[in-house]
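This is what each chain is made of:
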Amino acid sequence: METRTFKNSGYPTERTPLFPKTAETEIGGNGGSSKKYYTAETGSSEPVTLALHNLCYTVRYRSGNWWTSCCRHKQVKRVLHDVTLALPAGQLVGIIGSSGSGKTSLLDVIAFRSQGEVTGTMMYGGQPCTKRSMRQRVSYVIQADRLLPNLTVRETLTYTAYLKLPSSHSKRQIEDKVSSVLNHMGLMAVADSRVGGAVVRGVSGGEKRRVTIALQLLKDPDILLMDEPTTGLDSFTARHLVASMQQLAREGKLVIMSLHQPRSDITRLLDMTTLMCQGHVMYFGPTSSLVPYFTGLGYPCSVFSNPLDVYMDLVGIDRRDPERLEETKQRMQELLAAYQSSDLLANTEEEVAEQLKLPSPITTRRFKSPGWFRTFTTVVGRMNLNLARDRLSCFNRVMMLPAFMPFLLAFLGRLQHNQRSIQDRIGLLYNSVQVPPYMAIMNNIACFPALRDHFYREGLDGLYGCQTFLLAYTVHILPFVAMASIIFSSLIYWVAGMYPDVDRFGMFLAVVFQLHLAGELLTAATMGLFRNSQLANTTTALLFTASGLIASGFLRSLENMQVYLQYLSWASIHKYASEIVVVNEFHNLNFTCDSQTQGSCIPYGDMYLSESYPGATDHLTRNFECLVGWLVFFQILSILSFKVFGLKALA
């Protein structure tokens, strides 16, 4: 055998098929319940089957978070052991097992989302599976509903359709496709209702689950994978959701769902059942044969019990005490040995062998991507609409930075030109370079996590990468950063009485804008490093606080600091921003002297600059270039953080 290595609860009572039959894929068959393809050489048809043979999955990992486990030795764990399955189209297949049994890992391997080493053979319709071919054929419904709360159900599907369907599809075709999916999933009644979230009230949990499934049906998948689709749903909604998936399977799709606690009425809807424990397949076959099989092994199921509950307990491992652990492990090994020598596995291996020898594989479908520009504009437009619907967040994005201005003005008042005003100006400039990044952090922490989680789902689907997402986020926030910076700078500059020159006001505004944007970008980078928003908030705030303390020169002269801190200041954005604003305010500014300050009088602003910021007047161009360089660096850093560390969150 060749080894391959590769990394609304109301439903319509009558439905029209969501995916029409074509000459290539449908030839008769049991009301659409057995999808087939035509072999030109033989003139016969064969069932399209996903065949897995001796599939093994091994991962190497370090326990704990990456920042605490980076120095630990990697541990090796075999997640899946010699999994052999034959999964024909037109079937609803349940993968059943307790937590840690390997259900989600098996789905990840099928969808080519695994992070470890996979060995074995996987073929679909006689064709070896590759990451590219499976991305075209498979849709994966993850366990969490990662949706934007302020969009309606129809808008959610429409934006995703623009990301999934080729550029050749017109607006009318996309609208028709969205309406078809909405009708099929029983969502037409709530199509114009907001999805909702923790704050915004929207559709129910069951309807959100159906929205998540509907998103994956937009590209007409051959195989639909679902990870714990009934989690968090009431029994009535869960049953009807699985019934809807059974109907989808009858239209010719292979639907595979993992379940950890299926009800008895859900059990009856499953055509085939895979029972797993610790990465081993303990049973695979028709659900109707589950009870006879285990009864033959001496484990009958009472009439009033749910067979899957009974046999999940039977094959599970009880870790409550050493005696039970040893007893259940031994029983599991006996049941595993019984299955490996059973006719069920022999028949499965025979069917898999036939699939591996098919002479004429089906033709791989080719999907033309919608193109980068359409993807980019769609992501930006969706972010804008989601924020525009949230009036409070939209208001905060514009007014949170200007809201700090009254406190500064009340504390400092209008600036004078006496000696005491020098210290007032230093305090004003220090706050002017420190406050914008902090306000940006607060805005980012409030809005970015939902967008990040949404990207994680679509990134796993291969719709776009982290570069596109983060560039789109930057373009999305630019107007709000600009408006907030303009309002803040205008009020502070002119009301406080800073140097009265329009050109200098423009330079002050440019610094505030760049610092505000830098806060957004650096926070986005830390949000890629840490899933916890509070940890990202604290880390970014500490970085900007240290930068302002060490490099601004407002609290302590750089020349009086330790040598290593002077060198460190060159790697700080506040060094360059502070030099710009201090030169912008003090250059050519005159101060009056009185009798009380005659001995320590500073009559000219340039005298203060020569003492505290020597050479800064000649470095304005360099400093602006460095600020732009820092923005580019933060943008690249955010991309790298999502690329390297965000992959763990995607898994």
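Residues numbered from 1 in each chain as written. Predicted model: local features only at pLDDT ≥ 70, side-chain atom pairs only at ≥ 80, totals over all residues. Heavy atoms only, no water.

Visitor: Got a sec to walk through the sheet that holds strand β11 (residues 254–259)? Specific residues and values, please.
Guide: Across the sheet, which stays open at both edges, the six strands sit in the order β9-β10-β11-β6-β12-β13 with mixed pairing between neighbours. One side of each edge strand has no neighbouring strand; the edge strands of this open sheet are β9 (138–141) and β13 (280–286). Across this sheet, the average inter-strand angle for adjacent strands is 15°, counted without regard to direction. Where strand β6 (residues 92–96) and β11 come together, five bridges link them in parallel fashion. The residue of β11 that forms the bridge with Ile-95 is Ser-258. Taken strand by strand, helix α6 (residues 205–216) contacts β9 and β10 (223–227), and its axis lies near 165° from that of β9. Most of the contacts of helix α11 (residues 322–340) go to β13, to which it runs at about 45°, and overall it touches β12 (272–277) and β13. (Pairing = 2+ DSSP bridges. Helix = DSSP H or I, 4+ residues; strand = E, 2+ residues; numbered from the N terminus. Axes fitted to C-alpha atoms, helices over the stretch in contact; angles between N-to-C directions. Contact = heavy atoms within 4.5 Å.)

Visitor: Describe unusual backbone geometry, naming the residues involved and giving the relevant values.
Guide: In this structure, Asp-220 is a non-glycine residue whose phi angle is positive, near 55°. Inspection of the secondary structure puts Asp-220 in the loop between α6 and β10. Judged by its relative accessible area of 25%, Asp-220 is partly exposed. Backbone geometry places Glu-228, a non-glycine residue, at a positive phi of 50°. With respect to the helices and strands, Glu-228 occurs in the loop between β10 and α7 (235–250). (Buried < 20%, exposed > 50% of the residue type's maximum accessible area, 1.4 Å probe, protein only.)

Visitor: Please provide a residue-by-residue account of the state of the cysteines, values included.
Guide: Enumeration over the complete set of coordinates arrives at one disulfide. Two residues share a disulfide in this structure: Cys-593 and Cys-601, whose sulfurs sit 1.4 Å from each other. Residue classification places Cys-593 among the partly exposed positions, given a relative accessible area of 34%. (Disulfide = S-S within 2.5 Å.)

Visitor: Please give an account of the pattern of salt bridges that cites residues and values.
Guide: Any two side chains of opposite charge can pair, given that their charged atoms come close. In this structure the tally under the stated criterion is 19 salt bridges. Of the charged contacts in the structure, one is a salt bridge between Asp-318 and Arg-320, with a shortest N-O distance of 2.8 Å. Note that Glu-579 and Lys-575 form a salt bridge whose closest N and O atoms lie 3.4 Å from each other. Taken as a pair, Glu-579 and Lys-575 lie in helix α21 (residues 573–586) at a separation of four residues, close to a single helical turn. Residue classification places Lys-575 among the buried positions, given a relative accessible area of 6%. (Salt bridge = Lys/Arg side-chain N within 4 Å of Asp/Glu carboxyl O.)

Visitor: Go over the nonpolar core, please, and point to the residues and values.
Guide: The biggest cluster of nonpolar side chains holds 96 residues, and the ones touching the most others in it are Leu-50, Met-245 and Ile-256. Residues in contact with Leu-50, not counting those within four places in the same chain, are Leu-85, Ala-86, Leu-87, Ile-110, Met-122, Met-123, Tyr-124, Cys-129, Met-134, Ile-223, Leu-254 and Ile-256. Met-400, Phe-469, Phe-530 and Phe-624 belong to the second-largest nonpolar core, a separate cluster that totals 82 residues. (Core = buried A, V, L, I, M, F, W, Y, C linked by side-chain atoms within 4.5 Å.)

Visitor: Outline a nonpolar patch on the surface, listing residues and values.
Guide: A surface patch of nonpolar side chains, amounting to about 460 Å² of accessible area, comprises Trp-372, Phe-373, Leu-471, Val-475 and Leu-478. If you tally residues by element for the nonpolar patch, the top one is helix α17 (residues 466–496), at three residues. For Trp-372, the location among the structural elements is in helix α13 (residues 372–388). You can call Trp-372 partly exposed: its relative accessible area is 47%. (Patch = residues over 30% accessible without salt bridge, like charges linked within 9 Å, V, L, I, M, F, W, Y side chains within 5 Å. Areas by Shrake-Rupley, 256 points an atom, 1.4 Å probe, with all protein chains shown as cover.)

Visitor: I'd like a description of the environment of Pro-307, backed by residues and values.
Guide: Mapped onto the secondary structure, Pro-307 falls in helix α10 (residues 307–315). Taking the C-alpha atoms as reference points, Pro-307 and Val-291, separated by 16 residues in sequence, lie 6.7 Å from one another. Sequence-distant contacts of Pro-307, defined by excluding residues within four places in its chain, comprise Leu-290, Val-291 and Cys-301.

Visitor: Lay out the confidence of the model for the protein chain in plain terms, naming residues and giving numbers.
Guide: With 88% of its residues at a pLDDT of 70 or more, the protein chain shows a mean pLDDT of 85. The low-confidence segment residues 1–44 (pLDDT under 50) makes 121 contacts with residues lying over four places distant or belonging to another chain. (pLDDT = per-residue confidence, 0-100.)

Visitor: Give a description of helix α14 (residues 391–399) that names residues and reports values.
Guide: At 3.6 residues per turn, the α-helix brings residues three or four places apart onto the same side. For α14, the complete set of buried residues consists of Ser-393, Arg-397 and Val-398. Each buried residue of α14 lies within a common arc of 130° when the element is viewed along its axis, so the set occupies one face. Within α14, the exposed residues directed more than 90 degrees away from the buried face are Arg-391, Leu-392 and Phe-395. (Arc of directions from axis to C-beta.)

Visitor: Kindly report on the packing of aromatic side chains, identifying the contributing residues and their values.
Guide: In the structure shown here, the tally under the stated rule is 27 aromatic pairs. Centroid distance Tyr-283 to Phe-294: 6.1 Å. Interplanar angle 40°. Geometry classified as tilted. On the criterion of sequence distance, the pair formed by Tyr-283 in strand β13 and Phe-294 in helix α9 (residues 290–296) is long-range, its members being 11 residues apart. This pair shows no difference in class: Tyr-283 is buried, exactly as Phe-294 is. With a centroid separation of 5.1 Å and an interplanar angle of 70°, the aromatic rings of Tyr-493 and Trp-494 are classed as edge-to-face. (Phe/Tyr/Trp six-rings, centres within 6.5 Å; stacked < 30°, edge-to-face > 60°.)

Visitor: Outline the environment of Tyr-473, listing residues and values.
Guide: Positionally, Tyr-473 belongs in helix α17. When the C-alpha positions of Tyr-473 and Phe-376 are compared, they lie 9.9 Å apart, and in sequence the two are 97 residues distant. Among all residues touching Tyr-473, those that are not within four sequence positions of it are Met-383, Arg-397, Asn-444, Phe-448, Leu-451 and Glu-520. At 2.8 Å, the side chain of Tyr-473 forms a polar contact with the side chain of Glu-520. (Polar contact = N/O pair within 3.5 Å; in protein donor to acceptor, adjacent residues only side chain to side chain.)

Visitor: Any chance you could break down the pairing of β10 for me, citing the residues and the numbers?
Guide: Each regular strand carries side chains that alternate between the two faces of the sheet. In terms of burial, β10 is a largely internal element, five of the five residues being buried. The pairing of β9 with β10 spans four bridges and is parallel. Across the sheet, the residue bridging to Ser-139 is Leu-224, located in β10. Two strands pair when backbone bridges link them, and β10 and β11 are joined in this way by five bridges, in the parallel orientation.

Visitor: Now, about the environment of Leu-358: what can you tell me, with residues and values included?
Guide: Mapped onto the elements, Leu-358 comes out in the loop between α12 (343–356) and α13. Exposure remark for Leu-358: the relative accessible area of 15% places this residue in the buried category. Along the backbone, Leu-358 and Gly-126 are 232 residues apart, and their C-alpha atoms lie at a distance of 5.2 Å.

Visitor: So what's going on with the packing of helix α4 (residues 153–164) against α13? Which residues, and what values?
Guide: Axis separation between α4 and α13 bottoms out at 9 Å; the angle between their running directions is 160°. Taken together, the axis directions place α4 and α13 in an arrangement best described as roughly antiparallel. α4 and α13 meet at a crossing whose hand is left-handed. On the side of α4, the interface is formed by Glu-155, Tyr-159, Thr-160, Ala-161, Tyr-162 and Leu-163, while α13 contributes Arg-374, Thr-375, Thr-378, Val-379, Gly-381, Arg-382 and Leu-385. When the residues that make up the contact of α4 with α13 are grouped by side-chain class, the tally is six nonpolar, four polar and three charged. (Parallel < 35°, antiparallel > 145°, perpendicular 65-115°, else oblique. Left-handed = near helix turned anticlockwise from the far one by under 90°. Nonpolar A, V, L, I, M, F, W, Y, C, P; charged D, E, K, R; others polar.)

Visitor: Would you mind going over the pairing of strand β7 (residues 117–124) in detail, with residue names and values included?
Guide: In terms of burial, β7 is a largely internal element, six of the eight residues being buried. Relative to β7, strand β4 (residues 49–61) runs antiparallel, the two being bridged by seven bridges. Within the sheet, the bridge partner assigned to Leu-52 lies in β7 and is Met-122. Pairing analysis gives two bridges linking β7 to strand β8 (residues 127–128), with the strands arranged antiparallel. For Tyr-124, the partnering residue across the bridge sits in β8 and is Gln-127. Where β7 folds back on β8, the antiparallel hairpin that results is connected by two residues, among which Gly-125 adopts a positive phi of roughly 60°.

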